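Structure assessment
Below, each chain spelled out in residue letters.
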Protein chains: 2
Amino acid sequence: MALGEFELIRRFFTAQAVRHRETVLGIGDDGAVLCPPPDHELVVTVDTLVSGVHFLPTVDPERLGHKALAVNLSDLAAMGAEPRWASLALTLPEADPAWLAAFARGFFRLAERHGVELIGGDTTQGPLAITVQALGWVPRGAALRRSGARPGDRIYLSGPMGCAGLGLKIRLGQVAFDDAEAVLRLEQPEPRVELGVSLRGIASACIDVSDGLAADLGHLLEASAVGAVLEFEQLPLTEGVRRYLAGGDWRLPLVAGDDYELCFTAPAERVLAASGCVPVGHIVAERGLWLRKDGRDIELLPQGYEHFA
Amino acid sequence: MALGEFELIRRFFTAQAVRHRETVLGIGDDGAVLCPPPDHELVVTVDTLVSGVHFLPTVDPERLGHKALAVNLSDLAAMGAEPRWASLALTLPEADPAWLAAFARGFFRLAERHGVELIGGDTTQGPLAITVQALGWVPRGAALRRSGARPGDRIYLSGPMGCAGLGLKIRLGQVAFDDAEAVLRLEQPEPRVELGVSLRGIASACIDVSDGLAADLGHLLEASAVGAVLEFEQLPLTEGVRRYLAGGDWRLPLVAGDDYELCFTAPAERVLAASGCVPVGHIVAERGLWLRKDGRDIELLPQGYEHFA
């Protein structure tokens, strides 16, 4: 890209409302300088979205800017961390001012809502891809992990499963009906940041559902060295997903990704008042993942989780 | 990619020698948890390398793994920071075990030399690109910046200019002679980490030369609101570059990128004993960048630096 194009890009990413006093030096040098509070721990996460793989090349750039940050804030939420900073590595085939303005608008609107300051980045020419790194913090020792689930714990979900997956099927023309909610969830997911923070000291383990419930709960079970039974009838589903399931493909809420809800466990005696979260199963000592459906237990993940794709 | 391929990739990136006691939680959860020492500031930087743009698709993957980390450690060096952690976002067209093993070997060899622990990442399918984020720290207030150069300061370079640029010309078949040193500098640059740390309290401003001396010194001058005079005859050059310059294209050491040397300024009275750094000019009050060559002053960058590409 010519220098003028880089200047153009820079212009879209230098005007931002959030500025933390813990930011000693923000965008514009070889690195940012940060001074997180001493009684806190820093939580760091990174995610890449590749055009044609993680999003359709035709997606609204404003929604894409939102999603590129949202998937990282979802990781911070799963750790119980408060978001603070992000860096943005943007690879673009060309510098299209309208596209860039919309992308930046989506990115910064979500950033402002969650108090995220952009502290650096890199703009390169190449096939469209976005890598965001997000930094947040937790009081020392308070981070949620995947590894704390214990037999007897209940399993909760923060919201419906399979909704984003239905949105993808709609966008790909694989479903005969429309569902604006599903498409919005696919393209503009809402990270459960406040919930994640509120689960500190309550959840025994937590993960965000990005790859699908079976896969991500599988990661949590593996890290905790336990198993689980999921109750199919208790899975939270939208009307659109129920309508889709009526067509016969009941696996969607278990295998579809991109919902960015939290899946977490908590001891049964910890009442989750007014959290909006739904109990969907329980942890067992024997390793594996079973789905209770129509009175039968279906094995979803055998020990070792090698054969499920 | 199939799950098995992700497992394969994970295997190459989980065995590492470096582990810091400030790492509360490393690879394997939704985020890493870090606890930097309270009297220090954190320095964060990110850089992307795109195949066909920042490296030739045919490059030795071991050198590429080295370089992907090196360009970020060079940014930390320019801030005077000690490297501590890195995350790796790797986008791959396919999971080739031999390629991955070599890439990981190059990445971890450099990581171990500088005490860098890999704390997270994301592996995605798509056109080959690598985004590394590096984190380091400095004692509070000690970070080097681009903005501290003052009129009268001397300008120094930590090593030869144009060498990596010559290496690129050789790789592209644009030069009739070979120069293994130049190709090595292009493909496996050595970040000036120890030098950067040693310049704390000495350098008034610092930047790493990644885009070319004129452009990067231009950034430093702009941040410091000053100008500079560079002495062409004092620029450190390798034998290969001298040989290339004899062909007539004297601009190479000024415009070629990828050398990853440090360019810094320091008051004239601060003697730089045994640093191996070479004085190449001085800072002036009038904004702009002039090259003194063959008794003439050539204006390289006018005020505002808008027209130089």
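Residues numbered from 1 in each chain as written. Chains lettered and ligands numbered in written order. Predicted model: local features only at pLDDT ≥ 70, side-chain atom pairs only at ≥ 80, totals over all residues. Heavy atoms only, no water.

1. Remarks on the domain arrangement of chain A
Residue and element names in this part refer to chain A. Here chain A is described as being made up of domain 1 (3–139) and domain 2 (154–301). Look at where the C-alpha atoms of domain 1 and domain 2 centre, and you get two points 27 Å apart. Domain 1 puts 22 residues into the contact, and the matching count from domain 2 is 22 residues. The contact between domain 1 and domain 2 buries some 1800 Å² in all, and 57% of this surface belongs to carbon and sulfur atoms. Here domain 1 and domain 2 share four salt bridges between them. As a salt-bridge pair, Arg-200 and Glu-82 come within 3.5 Å of each other at their nearest N and O atoms. Counting only elements with at least two residues in the side of domain 1 that touches domain 2, the list comes to α2 (61–78), β4 (82–92), α3 (97–113) and β6 (129–139). The leading source of residues in the side of domain 1 that touches domain 2 is α2, at 10 residues. (Domains from an automatic or database assignment. Contact = heavy atoms within 4.5 Å. Buried area = accessible area lost by both parts, 1.4 Å probe. Salt bridge = Lys/Arg side-chain N within 4 Å of Asp/Glu carboxyl O. Helix = DSSP H or I, 4+ residues; strand = E, 2+ residues; numbered from the N terminus.)

2. Side note on the confidence of the model for chain A
For chain A, per-residue confidence averages 92 on the pLDDT scale, and 94% of positions sit at 70 or higher. Low pLDDT, under 50, characterises residues 304–309 of chain A; the stretch is placed with 15 contacts to residues that sit more than four places away or in other chains. (pLDDT = per-residue confidence, 0-100.)

3. Looking at the sheet that holds strand β7 (residues 154–157) of chain A
All names here are of chain A. Spatially, seven strands are ordered β8-β10-β7-β11-β9-β12-β13 in an open sheet, and the strand pairing comes out mixed. Edge positions in the sheet fall to β8 (205–208) and β13 (296–301), since each of these pairs with one other strand and no more. Geometrically, the sheet is characterised by an average inter-axis angle of 25° between neighbouring strands, direction not taken into account. Sheet analysis places strand β9 (residues 227–231) next to strand β12 (residues 288–293), joined by five bridges and oriented parallel. When the bridges of β12 are listed, Leu-230 appears paired with Leu-291. Running over the sheet, α2 touches β8 and β10 (262–266) and is turned about 175° from β8. (Pairing = 2+ DSSP bridges. Axes fitted to C-alpha atoms, helices over the stretch in contact; angles between N-to-C directions.)

4. Re α3(A)
Owing to its 3.6 residues per turn, the α-helix aligns residues three or four sequence positions apart on the same side. All names here are of chain A. If you check α3, its first and last C-alpha atoms are 24 Å apart, about what 17 residues at 1.5 Å a residue would give, namely 24 Å. In this structure Asp-96 caps α3, since a side-chain oxygen of it lies 3.0 Å from the backbone nitrogen of Ala-98. Directly beyond the C-terminal end of α3, a positive phi value near 65° is found at Gly-115. (Expected span 1.5 Å × (residues − 1). Polar contact = N/O pair within 3.5 Å; in protein donor to acceptor, adjacent residues only side chain to side chain.)

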